[in-house]
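Now for the letters of each chain:
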Amino acid sequence: MKIFPLNIILNEIFLWLEFIFKYIPGRLGIFLRIIFYSIVKGKFLSISIGNGTVIKNIKSIDFEKGIGIGPNCFIDSTDGYISIGESSAFNESCHINASIGGKILIGKKVIFGPKVIMRTTNHKYDIKDKYIQDSGHNIKDIKIEDNCWIAGNVTILGGVAIGSGSVIGAGAVVTKDIPPKSIALGVPAKVIKEINYK
């Protein structure tokens, strides 16, 4: 009879518990997910986690207090690092991915519409005599400063910084830096005006 190493058994137990807690609805589900991920992280997390959300490698994710994560989000920092500032909020089905490397740094009070995608990596595609799948990745950090609104279905690519107080319009693809207090729209995203505070 083959005996499995302890780390494989513990990982299986973790995956089963994560799967169970992931789908418990309502306030009880939110409470149980907070407790579960707090135990895994090794400190109490003052955040809200919607049902269906997956958080991978939580040990390399820093959560400040008051963060809201909507249902069915995917947050992965397997070989990278993610930092999310105080009171930032994610609508449903956001995809925040630093799984292959790089950093995603999100300031405080940043709000994300549904289905926002952030990825620190892009596939290399220009290596002769290699399939794209076998060519590796380009890894670049993403930084979003305080008080930004990232609307629904926005894609933010690696190597981008978005300045504080900026708004990115729905469906935009952000490929270059956006200055502070800017409104940017389109594919690729372009600044259309500066925000003048009243």
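The numbering scheme is per chain: residues are counted from 1 as the chain's sequence reads. In keeping with the predicted nature of the model, local features appear solely for residues at pLDDT of at least 70, side-chain atom pairs appear and are counted solely at 80 or more, and the whole-chain, interface and lining totals rest on all residues. Values shown for side chains rest on all heavy atoms present in the structure; no hydrogens or waters enter the calculation.

(A) Molecular detail of the pairing of strand β9 (residues 103-106). Of the two faces of β9, only one is covered, namely that formed by I104 and I106; the face formed by K103 and L105 stays uncovered. Note: two strands are recorded as paired if DSSP finds a minimum of 2 bridges between them. Only DSSP runs of H or I with at least four residues qualify as helices, and only runs of E with at least two residues qualify as strands; both kinds are numbered from the N terminus onward. Sheet analysis places strand β6 (residues 81-84) next to β9, joined by four bridges and oriented parallel. By the bridge assignment for β9, I82 is matched with I104. One ladder, built from three bridges, connects β9 with strand β14 (residues 142-144); its direction is parallel. Across the sheet, I106 pairs through a bridge with I144, a residue of β14. A simple rule labels every residue: compare its accessible area, found with a 1.4 Å probe on the protein chains alone, to the largest value its type can have, and call it buried under 20%, exposed over 50%, or partly exposed in between.

(B) Up close: a nonpolar patch on the surface. Taken together, the side chains of L6, I9, L10, I13 and L17 make up a nonpolar region of the molecular surface, amounting to roughly 450 Å² of accessible area. Within the secondary structure, L10 is located in helix α1 (residues 6-22). Using a relative accessible area of 48% as the deciding quantity, one classes L10 as partly exposed. Like charges within 9 Å and nonpolar side chains (Val, Leu, Ile, Met, Phe, Trp, Tyr) within 5 Å are joined into patches, using only residues over 30% in relative accessible area that form no salt bridge. All accessible areas in this document rest on Shrake-Rupley with a 1.4 Å probe, and a residue is counted as covered only by the protein chains that are shown. Within this document, salt bridges are pairs made up of a side-chain nitrogen of Lys or Arg and a carboxyl oxygen of Asp or Glu, the two lying within 4 Å of each other.

(C) View of the pairing of strand β20 (residues 182-185). Of the two faces of β20, only the one carrying S182 and A184 is buried; I183 and L185 on the other face are not. In this sheet, β20 lies alongside strand β18 (residues 167-168) in parallel orientation, the contact comprising two bridges. Pairing of V167 across the sheet is with I183, part of β20. The pairing of β20 with strand β21 (residues 190-194) spans four bridges and is classified as antiparallel. Residue A184 lies in a different strand from β21, and its bridge partner there is V191. Linking β20 to β21, which pair antiparallel, is a turn of four residues; within it G186 sits at a positive phi near 100°.

(D) Inspection of the sheet that holds β6 at higher detail. Taken in spatial order, the five strands make up an open sheet running β3-β6-β9-β14-β17, and their pairing is parallel. Every other strand in the sheet has two partners, leaving β3 (61-63) and β17 (161-162) as the edge strands with one partner each.

(E) Seen up close, the nonpolar core. Membership of the largest hydrophobic core comes to 40 residues, with the highest contact counts inside it found for F63, F90, F112, I150, I156 and I162. Where this core is concerned, the elements lending two or more residues are α2 (26-41), β1 (47-49), β3, β4 (67-69), β6, β9 and β14. Contacts were defined at the residue level, with two residues in contact if any of their heavy atoms lie within 4.5 Å. Aside from chain neighbours lying at most four places away, what touches F112 is A89, F90, N91, C94, I106, M118, I144 and I150. Grouping buried Ala, Val, Leu, Ile, Met, Phe, Trp, Tyr and Cys residues that are joined through side-chain atoms within 4.5 Å yields what is termed a nonpolar core.

(F) Fine view of the packing of α1 against α2. Note on geometry: axes are lines fitted to C-alpha atoms, helical ones only across the stretch in contact, with angles between N-to-C directions running from 0 to 180 degrees. Running from amino to carboxyl end, α1 crosses α2 at an angle of 155°, the nearest separation of the two axes being 9 Å. The angle between α1 and α2 falls in the class roughly antiparallel. Seen along the crossing, α1 lies across α2 with a hand that is left-handed. Contact residues: F14, L17, E18, F21 and K22 in α1; L32, R33, F36, Y37 and V40 in α2. Orientation categories follow fixed angle ranges, with anything under 35 degrees roughly parallel, anything over 145 roughly antiparallel, 65 to 115 roughly perpendicular, and all other angles oblique. What makes a crossing left-handed is the near helix being turned counterclockwise from the far one by less than a right angle; a clockwise turn instead makes it right-handed.

(G) Quick look at the sheet that holds strand β15 (residues 149-150). Taken together, eight strands build an open sheet; the order of strands is β1-β4-β7-β10-β15-β18-β20-β21 and the sheet is mixed. On the outer flanks of this sheet lie β1 and β21, each paired with one strand and no other.

(H) Representation of the state of the cysteines in the model. Here, two cysteine sulfur atoms that lie within 2.5 Å of each other are counted as a disulfide. This structure, assessed with the given rule, holds zero disulfides. Free of any disulfide, C94 has its nearest cysteine sulfur in C73, 4.6 Å distant. Residue C94 is classed as buried on the basis of its relative accessible area, which comes to 1%.

(I) Here's a closer look at the packing of aromatic side chains. Classification of ring pairs rests on two measures: the distance between centres of Phe, Tyr or Trp rings, Trp counted by its six-membered ring, which must be within 6.5 Å, and the angle between planes, read as stacked under 30 degrees, edge-to-face over 60 and tilted in between. This model, assessed by the stated rule, comprises five aromatic pairs. A centroid spacing of 5.2 Å and a plane angle of 50° characterise the contact between F21 and F36, whose relative ring orientation is tilted. Of this pair, F21 sits in helix α1 while F36 sits in helix α2; the two residues are 15 residues apart in sequence, bridging distant segments of the chain. The exposure classification of F21 matches that of F36, with both residues buried. A ring pair is formed by F90 and F112, whose centres lie 4.5 Å apart and whose planes are at 5°; its orientation type is stacked. Of the two residues, F90 is situated in strand β7 (residues 89-90) and F112 in strand β10 (residues 111-112); the sequence distance between them amounts to 22 residues. By relative accessible area, which is 5% here, F90 ends up buried. Note on F112: relative accessible area 4%, which makes it buried. Put simply, the rings of F14, F21, F36 and Y37 pair up and form one aromatic cluster.

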